[in-house]
Amino acid sequence: MDTLRCMQAFAAVADHGSFARAAEQLQVSAVMVGKYIQQLERHLGTALLQRNTRRQRLTEAGAAYLAGCRQVLEQVQQAEASVAGLQLQPRGLLRVSAPSTWGSCVLAPALASLLQAQPLLNIELDLSNRTVDLIEDGFDAAIRVGPLPSRELVARPLPPYAMSLCASPAYLQRRGTPQLPSDLAAHDCLGHLAWRGGHGWQLASGEPVDWEPRARLSSNDGQALRQAALAGAGLVLQPTALLGEDIAAGRLVSVLEAYLPVPRPMHLIYLPDRRPRPRLQCFVDFLVERFPVAPETWSGSAEPRSASAQRGAA
C-alpha cells in the first residue's frame, strides 16, 4: 500500500467533500480515490468516513486521523521544498583549476563579488600551469590556455591570453629602447625557467630570439621577474594580466609591440551534464558576464578539449 498516496486521497476527500472533486485535484479517477480510502481503512482497521449516495462525513477516528495526516503531508511538502531549494541555490564546494598568473592576478580578485552574491558557495581555486583532468583530479571547471584538441568537454571562450614585453623607464634610459627583436641581443632579458632548453622568447617576427644562454636573471616565478623589471634589472616578457597595471601606471614601458606573441585562445571548460548543477552554472554565468568576448568567438557548442597553457606563462 502507498500510505502517503492514500493519506493524500483521504485529506482531499475531507477537504472537497466528495470523491469526484478529490479525484480532480489528484488527477486520478473517483474509483481510484475510493480504492485509496478502502486500503487506508483496512490498514487502520477502522472506518474513516461515513458515506451514502449523497454525502460523506468523517467518523470520530477519521477526524483524529485527518489531523495527523495534515501534519505528515505538511512535513513532506516542507522536505520537498527544501530539496528543491538545494537544487536551485548555488551551495557547496566548487573546485576550479586555473593558470597561475591569470588565476592570481585576474580570477581571484574577481571571485570576491561572486562569493558575496552567493553566501552558500565555497570555491577552491587551484593555481597551476599543469593540465588537469577534470574527472581524475576532481575539478568542476578549469581555465585552459591554448588550442583544445578534443570535443569531450564544453568550452566557453574567455578573452585571449596576451603577453607584454616591457622594462622600467630607468632601464630604458640607461640601455636604450630596442626597435627590432635582433636588438635584444644587446639587452638584459629576464628569463623564465620554463623556457630552459629552448629559445627564450617566441616573438611574432617569425624568428626565435635565442638569448637564453646570456640571461643574467632567471626565475620560475613571473611575479619575481616583474619585481626585478620594476627595479630596472632588464626586459621582461610575461602575461599582460601580470604586467598590465604597471604599464598603465607608467611603472613599466611596453616595447616591441609589433612583435609581441599572438594572443592565445583561453577557455573555461567543464563536463557536459544534463543534471542541474547550480554552483557550476552560477560560476559559468559569472565568468562569461565578467569577461565577455566577441559573439563570433562563441559557437554555442562543445568545443575541443584543452591543451597545455602557454609556454612560459607563470
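The paragraphs below set out a description of the structure included in this document. What you see is a predicted model; the values in this text were computed from it and never measured. (Residues numbered from 1 in each chain as written. Predicted model: local features only at pLDDT ≥ 70, side-chain atom pairs only at ≥ 80, totals over all residues. Heavy atoms only, no water.)

Structural notes on the sheet that holds strand β10 (residues 235-239)
Here's step 1: Strands sit in the order β9-β8-β10-β7-β11 across an open sheet of five strands; the sheet is mixed. Both outer strands of the open sheet, β9 (217-219) and β11 (253-254), are each paired with one neighbouring strand and no more.
Here's step 2: As paired strands, strand β8 (residues 189-192) and β10 are joined by two bridges and run parallel to one another. Bridge pairing in β10 links C189 to L235.
Here's step 3: Helix α8 (residues 240-249) contacts β7 (163-167), β10 and β11 of the sheet and is inclined by roughly 120° relative to β10. (Pairing = 2+ DSSP bridges. Helix = DSSP H or I, 4+ residues; strand = E, 2+ residues; numbered from the N terminus. Contact = heavy atoms within 4.5 Å. Axes fitted to C-alpha atoms, helices over the stretch in contact; angles between N-to-C directions.)

What about the nonpolar core?
Here's step 1: Ranked by internal contacts, the top residues of the largest apolar core, which has 40 residues, are I143, L235, L268, F283 and L287.
Here's step 2: No other element matches helix α9 (residues 278-290), which puts six residues into this core.
Here's step 3: Once you skip the residues sitting within four places of it in the chain, F283 turns out to touch L94, V96, L111, L114, A141 and L268.
Here's step 4: Membership of the second largest hydrophobic core comes to 20 residues, among which are V13, F19, V33 and L48. (Core = buried A, V, L, I, M, F, W, Y, C linked by side-chain atoms within 4.5 Å. Buried < 20%, exposed > 50% of the residue type's maximum accessible area, 1.4 Å probe, protein only.)

Looking at helix α1 (residues 3-16)
Here's step 1: An ideal rise of 1.5 Å per residue puts 20 Å on 14 residues; α1 measures up with 20 Å between its terminal C-alpha atoms.
Here's step 2: The positive-phi residue at the C-terminal boundary of α1 is G17, with phi of around 80°. (Expected span 1.5 Å × (residues − 1).)

Overview of the pairing of strand β6 (residues 154-161)
Here's step 1: Extensive coverage of β6 is indicated by the burial of six of its eight residues.
Here's step 2: Examined bridge by bridge, β6 and strand β12 (residues 264-270) share six bridges and lie antiparallel to one another. From the neighbouring strand, L158 faces β12, where its bridge partner is M266.

What about the packing of aromatic side chains?
Here's step 1: Per the stated rule, a full pass over the model turns up two aromatic pairs.
Here's step 2: When the centroid spacing of 5.9 Å and the interplanar angle of 45° are considered together, the rings of F10 and Y65 count as tilted. Residue F10 is found in helix α1, and its partner Y65 is found in helix α4 (residues 60-88); the two are separated by 55 residues along the sequence.
Here's step 3: Note that R95 overlies the ring of F139, its terminal NZ or CZ placed 4.2 Å from the centroid. (Phe/Tyr/Trp six-rings, centres within 6.5 Å; stacked < 30°, edge-to-face > 60°. Lys NZ or Arg CZ within 6 Å of the ring centre and 35° of its normal.)

With respect to the sheet that holds β6
Here's step 1: The five strands lie next to each other as β4-β3-β5-β12-β6, forming an open sheet whose pairing is mixed. Strands with a single pairing partner mark the edges of an open sheet, and in this sheet they are β4 (121-127) and β6. Going across the sheet, the axis of each strand differs from the next one's by a mean of 20°, ignoring polarity.
Here's step 2: Pairing of strand β3 (residues 92-98) with strand β5 (residues 141-145), which is carried by two bridges, proceeds in the parallel orientation. Residue pairing for β5: V96 is matched across the bridge by A141.
Here's step 3: On top of the sheet, helix α5 (residues 100-117) reaches β3, β4, β5, β6 and β12; it is set at about 175° to β4, its chief contact.
Here's step 4: The strands touched by α9 within the sheet are β3, β4, β5, β6 and β12, with β3 carrying the most contacts at an inclination of about 45°.

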